[in-house]
Amino acid sequence: QVQLVESGGGLVLPGGSATLACVGSVIDFKYYAVGWFRQAPGNEREGIASILTDADKIFYADSVKGRFTISRDDAKNTVYLQMNNLMPEDTAIYYCAADRVYGGLNRAGYPNWGHGTQVTVSA
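Since this is a predicted model, take the numbers as computed values, not measurements.

Engineer: Explain the overall build of the chain here, please?
Structural biologist: Within the chain one finds zero helices and 11 strands. Counting from the amino terminus, the chain carries its helices and strands in the arrangement β-β-β-β-β-β-β-β-β-β-β. Relative to the globule expectation of 14 Å for 123 residues, the C-alpha radius of gyration of the chain, 13 Å, shows essentially globular dimensions. Along the three orthogonal principal directions, the C-alpha set of the chain runs to about 40 × 30 × 25 Å. Residues classed as buried in the chain amount to 43% of the 123 residues present. Accessible surface for the chain amounts to roughly 6100 Å². Of this, 51% is attributable to carbon and sulfur atoms. Here the chain contributes 10 positive and 12 negative side-chain charges, whose respective centroids are spaced 1 Å apart.

Dropping the structure here:
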């Protein structure tokens, strides 16, 4: 299956912004639905944003709606997550997931996962 690599994590000040990237290893990555999930120690992994092929449909969790934007660049086999107005509660490991059909926010719908990138929001 597709191999996914996340990048862009790091330390961000509260109120700051960061952009995460998810690169798919397959040449037809543009045909995959992609979701962004996050998990902090002691918490369950939660879906926060997803995008279907060609960006036909986009979903956001209420916790990030209005602050985060998911997009994709098919020429680069990359899906982005632009995160604005970051808060300490956004601190988590952020994972990219992909599937050829499913495009929701339920982690059970995604068979392919990256290894995650740490985002820490702290002063």
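Engineer: Where do I start with the sheet that holds strand β8 (residues 78–83) in this structure?
Structural biologist: The strands that make up a sheet are held in pairs by hydrogen bonds between backbone atoms, and each pair lies either parallel or antiparallel. The strand order across the open sheet built from four strands is β1-β3-β8-β7, with neighbouring strands paired in antiparallel fashion. Across the chains shown, the open sheet's two edge strands, defined by having one partner strand only, are β1 (4–7) and β7 (68–73). Averaged over all pairs of adjacent strands, the angle between strand axes in this sheet comes to 15°, irrespective of strand direction. In the sheet, β7 pairs with β8 via six bridges, with the strands oriented antiparallel. Bridge pairing in β8 places T69 opposite Q82.

Rules behind the numbers
- Residues numbered from 1 in each chain as written.
- Predicted model: local features only at pLDDT ≥ 70, side-chain atom pairs only at ≥ 80, totals over all residues.
- Heavy atoms only, no water.
- Helix = DSSP H or I, 4+ residues; strand = E, 2+ residues; numbered from the N terminus.
- Rg over C-alpha atoms; globule rule 2.2 N^0.38 Å.
- Buried < 20%, exposed > 50% of the residue type's maximum accessible area, 1.4 Å probe, protein only.
- Areas by Shrake-Rupley, 256 points an atom, 1.4 Å probe, with all protein chains shown as cover.
- Lys, Arg positive; Asp, Glu negative; His and termini not counted.
- Charge placed at Lys NZ, Arg CZ, Asp CG, Glu CD.
- Pairing = 2+ DSSP bridges.
- Axes fitted to C-alpha atoms, helices over the stretch in contact; angles between N-to-C directions.

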